[in-house]
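Per-entry structural report
Here is how the chains run, residue by residue.
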Amino acid sequence: LERKLARVRKEAEGLEAAGRERDRAEKQAAREKEQKEKVQSSVEELKTQLREAKVKREKVERGAIKAELECKDRIAKAEEEENAADEEQKRLIAEVKKAIDARNNVLDETRAAHAKLCEVAKRADQLRGRLEEA
């Protein structure tokens, strides 16, 4: 009877140990499942963040392309305006040079006419002087 009792105790201890091992395994499985769910949740969150980042990047790239095109348009317009201003400046400089040349010609003609008038006046004085002497 004692042997049977010892055997039953041994079996009970074995069953208790198996039960404890099963409990440990179940707890470990629960922890692993929880960890797996956390990882899956993190993966989904990261995928969402990645999609949002891609959308933002595309939006920024479209904005950058638009800004670049606007800059190119502004540069082209500024270059056209600069070229037009250069042409206008050249035209005005040519006009001023022409006006200066005309003024110089009139000045030269005026000086020549003045010199002739002075000569005529001098000659008239000489003739008047002769006429008075005669």
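The rules we used
Residues numbered from 1 in each chain as written. Predicted model: local features only at pLDDT ≥ 70, side-chain atom pairs only at ≥ 80, totals over all residues. Heavy atoms only, no water. Helix = DSSP H or I, 4+ residues; strand = E, 2+ residues; numbered from the N terminus. Rg over C-alpha atoms; globule rule 2.2 N^0.38 Å. Areas by Shrake-Rupley, 256 points an atom, 1.4 Å probe, with all protein chains shown as cover. Patch = residues over 30% accessible without salt bridge, like charges linked within 9 Å, V, L, I, M, F, W, Y side chains within 5 Å. Salt bridge = Lys/Arg side-chain N within 4 Å of Asp/Glu carboxyl O. Lys, Arg positive; Asp, Glu negative; His and termini not counted. Charge placed at Lys NZ, Arg CZ, Asp CG, Glu CD. Buried < 20%, exposed > 50% of the residue type's maximum accessible area, 1.4 Å probe, protein only.

Notes on the overall build of the protein
Looking only at helices and strands, one finds one helix and zero strands in the protein. Taking 2.2 N^0.38 as the reference for a compact globule, 134 residues should give roughly 14 Å; the C-alpha atoms of the protein span a radius of gyration of 56 Å, well beyond that estimate. Summarising its shape, the C-alpha atoms of the protein cover approximately 190 × 20 × 10 Å along the three principal directions. Carbon and sulfur atoms provide 55% of the accessible area of the protein, an area that totals close to 13,000 Å².

Digging into a negative patch on the surface
There is a patch of like negative charges on the surface, built from E79, E80, E81, E82, D86 and E87. You can call E81 partly exposed: its relative accessible area is 48%.

Things to note about the pattern of salt bridges
Side-chain pairing between opposite charges can occur once the charged atoms of the two side chains come close. Across all of its chains, the model carries eight salt bridges by this definition. Taking the shortest distance from any N to any O, the salt bridge between R22 and E26 comes out at 3.8 Å. Placement of both R22 and E26 in helix α1 (residues 2-133) is noted, with a separation of four residues, approximately one turn of the helix. Among the ionic pairs, E34 bridges to K38, the shortest N-O distance being 3.7 Å. Of this pair, E34 and K38 both sit in helix α1, four residues apart, which is roughly one turn of the helix. Through salt bridges with shared partners, one network takes in E88, R91 and E95.

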